[in-house]
Every structure is written in structure tokens, then in C-alpha cells.
Amino acid sequence: MTTLDLVIRGGTVATATDIMQCDLGIKDGRIVALAEHLEGDRVIDAAGQWVLPGGVDAHCHLDQPMSDGSVMADDFYTGTVSAACGGTTTVIPFACQMKGGSLKDAVADYHQRADGKPVIDYAFHLIVSDPTPEVLETELPQLIQMGYTSFKIYMTYDDLKLNDRQVLDILALARQEQAFVMIHAENADCIGWMVQQLERLGRLAPRYHAASRPMLVEREATHRAIALAELVDVPILIVHVSGAEAIEQIQWAQNRGLRIYGETCPQYLFLTEEDLGGEHGFEGAKCICSPPPRDKANQQVVWDGLVNGVFQVFSSDHAPFRYADPLGKQIQGTQASFKYVPNGIPGIETRLPLLFSEGVLQERIDINTFVALTATNPAKLYGLYPRKGTIAIGSDADVVIWNTDQSITLTNDRLHHNVDYTPYAGMTLQAWPEVVLSRGEVVYQQGQFTAAAGRGEFLACDRPAYAKPYRRDRPVV
Ligand code: URP
Ligand code: ZN
Ligand code: ZN
């Protein structure tokens, strides 16, 4: 065997399916050996520690242009540094088409925003907000061919939402091109109507964001998205699922044999609507996101969904807006209606430590499920597997050695994002990465981030096998 550049020695290696007591050998940025007693130019001792694939965060927002004038706090540098320090080695943020704009231009602009900044590897999802004939017939097929094989569509937000007919157009295109569609499922008209009623009553505080989007708006849209996907016969993934009623819809569809996948996020395990505050004050704006966090009983149903396989993916939905900032949560001041508060919360760095501590170490999920949800499944769903998302011969050496013997009381100071708060401050975590490797390079070790801006590589995604229709031999009409 050729000399190894690096050996990770004596750890317990886990993938989505296996647990192995072995050394891991790395050469030229890739995993080339899994064996006992490996020797290399450099050795990292991992005795007594878990050695896992680096996380793939398949739903995060970095430096995404916003139509309300707000500005995301994290760009491709701070966002990816923060990701890496929390054990994530691949991110997939969104190149967002504005209504009236070109999707191709949005992708070009997003590459410029990334230029020279990412410290870990990255791919792009697309957001399609204006499916014109040009987009459907020319831009999307070309972009899919170029490695942008997944896109998110919205059933709510005035600046992004599609009507059902437009959703069908996108789903049909995805079926034809074997691309993968993620859907933000909330009923826009119900929300608009509820917002109007709440404002008439002078109910403007952040907590009313949750009241304006009760779970039935998510349940109804989830059911509708599933029906539209069934009509076209194409798999979809429902993103950021918040609680029982949407989960029931997904489970119902899965039980009928439909290829409906589900994603959830830390905010639905660890926050509740109480975090949106009371009648007075504005601090609750920190936890405004859509769908909103629900209650403790729903948190348990979300945990159950991670255990019983309803969910395939656990993402951060990192949407970073600073709190005390006129370009962030306070864009219209602290007396403004909840409807003006930019939606989203930060969590790119805390995603994995939270799930490891509260999921694996509290024995709610096993280590293989952790790897599947946070790395392997997203890599498979979005056409990056087996280069990313696993520990196997030939895969990129994106590896995390975990220290699970800690007692960290989380503070925002500890984190590397550019947001001025974390919603999880005060939680005590037992797990945090000790060493993070990206393509064989140590990017984080014992609390120090050590890599250069711009070393991250853009990843063109394959057409995902998961995007194949159920009956691809049959035309829809
Ligand atoms: O509130 C959220 N989730 N904001 C981020 C954008 C989105 O819909 O994912
Ligand atoms: Zn969304
Ligand atoms: Zn999102």
C-alpha cells in the first residue's frame, strides 16, 4: 500500500448501517483504507471516540438576497466556518430566483457571492419562484444538466409562492428531468387571512406569528402537496415539518406507497411557541420562523418521526438574521407587527451537537440513525452520495471525531456564526466535535478553526436516484 497521508487511529467508526472498530486511512483527501494497525505520515488518536462522516446540511440559507431589504448575517465564509465548527462538512444553500428575474442569473449571482469564501464543500439548491416558459423549457433543464438537480418551491410567502398549477408544472418538469423537489407547505391564503384578523385586533407581538400559522395551515398544504405529487407521480420532500398534523399526512402517504420524504429541524425538537414571547416585548422575534415551533407534545411526535422513519433528513434551516439590527429582525423596529419580522433562526453550528447530545446520548436514536439523518440520507437525496455522507473507500475524507464527554453550557460567544444570539443559549450539551476534517484537511481541532477561506469546492450534484418516479415506464397523461 502507498504511504497514507493521515491515519485516524483507534476510534469507533459508524456509518448509516455499520459500526466498526478500525483505523481510517486517508490519502489525497479521500478515504483509502479501513483496517487495523494502519501507519501514516500523520496520526490522530481517536481512541474511545466516535468517528463519523461529516454532516451534510441540506437546508441552510447563506447570503440569500431578500426582497424586504433585510440582510442575512452569514455569508459563505462565516456560515461555512460556523458549519464546520459544528461538524458539518457540506452545505447546500439556495440560489433564489426573484419573481420577474432569471433563474440562471440567480445562480450566477450566487456563485459570485460564494467566490473565495467557503471553507467546506458546497452545492446549490435552486428556489423557483417564477416558473415562466423560459424557466421551465430552457433554464431549468440546462441547470439540472449542470448539476443543480434539486429545487425548493413555496406554497406561501407573497414574494415566492406558487399556485397549484405552477406547482404541477414544476413537478412535471422534475419528473421529466429526474430532479428532486422540496416543498415549503403552508396555506398562504389562510395565513394572509389570519394575519389580517390579528392585526385588526391589534395583536402584533411576535407571539402572534404562531397564532397566524396554526398547524392546520401546514397540514392542509402538506396534504395538497402530496396530492399534487401523486397526480404527477413524482417523489417530493416536505421541508421543515413542525408537528403531528403534517407528520400524519406524510405517514399516511408513505403508508400508501407514495415516495414522500420528510425533513425536520432542531427548532421543532427544542423550541415551543412560548419562545415567541408574551403580550409585550420583542425578544420573541428571535424565534420567529415558519412553520413556527409548536408545543411539547408536538416535540415528542417529531422525535417519534425521527425514530420511526417518517423523516429522512434532519437539517438546520439556518436562516441568519441578527436581532439587534435594522437589517435583521428589527427591520421595521421593535413595535412593528410580527408580519414584518424576517423569518428564520440560526442553527448551522448547533444542529449536530444538539441531536448528538439529546438524541444519541439520551438514547432516543441510535448512532446509525444519527448518521443517516444528518449525512447519508441528505447526500443520497441530493445526488452527492457516495462522495459525501459516508465513510467508505473512495469517499471524500470528510470526517468528524466526536467528544461525547463534555458539559457545555451553550452561549452565543462560543459559536462562529455572525448572528447576535442563539435560541439554544443555556442548554447543556455533552457532545461537540473534537476534530473535523474536510477532504483530509483538519479544519477544526479542539476549539480552533484552522482552514483558509475559499478552500471549499463547488459540488455539481448528480440526478438523485431518489427522484425517480414510481411508475416511470408510464406517462402521467
Ligand atoms: O422561517 C424560515 N424557515 N425561514 C427560512 C426560509 C424558509 O422558508 O425555509
Ligand atoms: Zn421554507
Ligand atoms: Zn429554509
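Here, every reference points to the structure presented above.
First, a word on what this report is: a plain description of the structure on this page.

**A closer look at the sheet that holds strand E2 (residues 12–14)**
Reading across from one edge, E3-E2-E7-E18-E21-E22-E23 is the order of the 7 strands in this open sheet, with mixed pairing throughout. Looking along the sheet, the strands with just one partner apiece sit at the ends: strand E3 (19–21) and strand E23 (448–449). Inspection of the sheet shows E2 paired to strand E7 (residues 50–53) by 2 bridges, in the parallel sense. Note on E7: the bridge partner recorded for Thr12 is Trp50.

**Digging into a negative patch on the surface**
Taken together, the side chains of Glu273, Glu274, Asp275 and Asp295 define an acidic patch exposed on the protein surface. Note on placement: Glu274 falls in the loop between helix H9 (267–270) and helix H10 (296–308). Owing to a relative accessible area of 66%, Glu274 belongs among the exposed residues under this scheme.

**Quick notes on the nonpolar core**
In terms of nonpolar packing, the biggest core is built from 111 residues, with Leu140, Phe151, Leu171, Ile183 and Phe370 touching the most fellow members. When residues of this core are assigned to their parent elements, the largest contribution, 7 residues, is made by helix H7 (residues 215–232). In this structure Phe370 touches Leu52, Leu352, Leu355, Phe356, Val360, Ile365 and Trp402, once residues within four positions along its chain are discounted. Of all hydrophobic cores here, the second largest spans 22 residues; its members include Val56, Ile127, Phe180 and Tyr382.

**A closer look at the packing of aromatic side chains**
Taken as a whole and assessed by the stated rule, the structure comprises 19 aromatic pairs. Between Phe76 and Phe124, the aromatic rings sit 6.2 Å apart at their centres with planes inclined by 50°, giving tilted as the arrangement. One end of the pair, Phe76, is in helix H1 (residues 76–85); the other, Phe124, is in the loop between strand E11 (121–122) and strand E12 (125–127), with 48 residues separating them in the sequence. Residue class for Phe76 comes out buried when judged on its relative accessible area of 0%. Among the aromatic residues, those joined into a cluster by ring pairs are Phe76, Tyr110, Tyr122, Phe124, Tyr148 and Phe458. Arg207 extends its terminal NZ or CZ atom over the ring of Tyr208, reaching a point 5.3 Å from the ring centre.

**Overview of the site of ligand 1**
Close to ligand 1 lie 13 residues; His61, Lys152, His184, Ser290 and Asp317 are nearest. Interatomic distance of 3.3 Å between a side-chain N/O atom of His59 and an oxygen atom of ligand 1. The backbone of Gly344 places a nitrogen or oxygen atom 3.4 Å from an oxygen atom of ligand 1. Protein contact buries 95% of the 260 Å² of open area that ligand 1 shows by itself. Looking at the shell around ligand 1, its residues break down into 4 nonpolar, 7 polar and 2 charged.

**Details of the coordination of the zinc ion (ligand 3)**
Protein coordination at the zinc ion (ligand 3) comes from His59 (NE2), His61 (NE2) and Asp317 (OD), with a distance range of 2.0 to 2.1 Å. Mapped onto the sequence, the residues coordinating the zinc ion (ligand 3) show the spacing H-x1-H-x255-D. The distance between the zinc ion (ligand 3) and the zinc ion (ligand 2) comes to 4.0 Å. The residues His59 and His61 share a single accessibility class, namely buried.

So, how was this worked out
Residues numbered from 1 in each chain as written. Chains lettered and ligands numbered in written order. Predicted model: local features only at pLDDT ≥ 70, side-chain atom pairs only at ≥ 80, totals over all residues. Heavy atoms only, no water. Pairing = 2+ DSSP bridges. Helix = DSSP H or I, 4+ residues; strand = E, 2+ residues; numbered from the N terminus. Patch = residues over 30% accessible without salt bridge, like charges linked within 9 Å, V, L, I, M, F, W, Y side chains within 5 Å. Areas by Shrake-Rupley, 256 points an atom, 1.4 Å probe, with all protein chains shown as cover. Salt bridge = Lys/Arg side-chain N within 4 Å of Asp/Glu carboxyl O. Lys, Arg positive; Asp, Glu negative; His and termini not counted. Charge placed at Lys NZ, Arg CZ, Asp CG, Glu CD. Buried < 20%, exposed > 50% of the residue type's maximum accessible area, 1.4 Å probe, protein only. Core = buried A, V, L, I, M, F, W, Y, C linked by side-chain atoms within 4.5 Å. Contact = heavy atoms within 4.5 Å. Phe/Tyr/Trp six-rings, centres within 6.5 Å; stacked < 30°, edge-to-face > 60°. Lys NZ or Arg CZ within 6 Å of the ring centre and 35° of its normal. Near = heavy atom within 4 Å. Polar contact = N/O pair within 3.5 Å; in protein donor to acceptor, adjacent residues only side chain to side chain. Nonpolar A, V, L, I, M, F, W, Y, C, P; charged D, E, K, R; others polar. Donors = N, O, S within 2.8 Å, 3.2 Å for Na, K, Ca; no water.

This is a description of form; function is not addressed.
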